[in-house]
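Chains, contacts and geometry: an overview
Now for the letters of each chain:
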Amino acid sequence: MTEQRQPTDYGSGLPPAFKSPDAREPGTRVRRRQHPFAGWGTAVVGGVIAAVLGTNLHGRIAYAGDQAYPWGAVLALVFAFAVMVWVGMRANNVLATGLTGMVTYLLVGIMATSVFGDPLIVTETTAEMQLGIELAGKIWMIGLAVAVVLAIMAAAWAFKPRR
């Protein structure tokens, strides 16, 4: 005599829009909103690691005759980029990627000045023998700014919703 208008093949008898969050199928994860400061500790530690190891690595130079090839500066940029993107993915936060880059660049800038004695990164010199070292320092300093922007773009692209 009376027809049932709602299908009863739902687990609790109610359509999925009316189910409580506890009644979800096991194995489905509830996505929670990420805290804006999540991963900032990891970002600071990652920035320190990228700055110290990158500065140590940037001074590796190969000489072929009179020509200097600062392969260490390029490798240091790749390493810093990888650390920045890794921190962003680990923290699940693009801001952590940017903070890692800012900490790295701040520490590299301090290392390039003679605040604590001799600078660790040489960007200007008049001696002809140190031209390779000067080139490596400029690649490390200028390239790091580019690496930070590219790392932020890569992290933002990775977090972009898929269709």
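All values derive from a computational prediction rather than experimental measurement. (Residues numbered from 1 in each chain as written. Predicted model: local features only at pLDDT ≥ 70, side-chain atom pairs only at ≥ 80, totals over all residues. Heavy atoms only, no water.)

Before going further, it helps to examine the pattern of salt bridges. Overall, the coordinates contain one salt bridge when judged by the stated rule. With a shortest N-O distance of 3.2 Å, Glu134 and Lys138 are connected by a salt bridge. Residue Glu134 and its partner Lys138 are located together in helix H4 (residues 131-158), separated by four residues, close to a single helical turn. On the accessibility criterion, Lys138 (36% relative accessible area) is partly exposed. (Salt bridge = Lys/Arg side-chain N within 4 Å of Asp/Glu carboxyl O. Helix = DSSP H or I, 4+ residues; strand = E, 2+ residues; numbered from the N terminus. Buried < 20%, exposed > 50% of the residue type's maximum accessible area, 1.4 Å probe, protein only.)

Most often, soluble globular proteins have nonpolar side chains that are buried together. Ala80, Met84, Val108, Ile121, Trp140 and Leu144 are the most contacted members of the largest nonpolar core, which has 24 residues in total. Counting residues per element, this core draws most heavily on helix H2 (residues 71-91), at eight residues. Excluding anything up to four places from it in sequence, Met84 contacts Thr97, Thr100, Gly101, Leu144, Ala147, Val148 and Ala151. (Core = buried A, V, L, I, M, F, W, Y, C linked by side-chain atoms within 4.5 Å. Contact = heavy atoms within 4.5 Å.)

Axis separation between helix H3 (residues 94-112) and H4 bottoms out at 9 Å; the angle between their running directions is 175°. Classified by the angle their axes make, H3 and H4 are roughly antiparallel. Two secondary-structure elements touch here, H3 through Val94, Thr97, Gly98, Gly101, Thr104, Tyr105, Val108, Gly109 and Ala112 and H4 through Trp140, Met141, Leu144, Ala145, Val148, Ala151, Ile152, Ala155 and Ala156. Counted by class, the contact of H3 with H4 contains 13 nonpolar, five polar and no charged residues. (Axes fitted to C-alpha atoms, helices over the stretch in contact; angles between N-to-C directions. Parallel < 35°, antiparallel > 145°, perpendicular 65-115°, else oblique. Nonpolar A, V, L, I, M, F, W, Y, C, P; charged D, E, K, R; others polar.)

Mean pLDDT over the protein stands at 82; residues scoring 70 or higher make up 75%. Per-element confidence in the protein is highest for H2, whose mean pLDDT is 95, and lowest for strand S2 (residues 67-69), whose mean pLDDT is 87. (pLDDT = per-residue confidence, 0-100.)

Topologically, Val74 is positioned in helix H2. It is 9.7 Å that separates the C-alpha atoms of Val74 and Arg60, two residues lying 14 residues apart in sequence.

With a phi angle near 60°, Asn92 is a residue other than glycine that sits in the positive phi range. The topology assignment puts Asn92 in the loop between H2 and H3. Judged by its relative accessible area of 41%, Asn92 falls in the partly exposed class.

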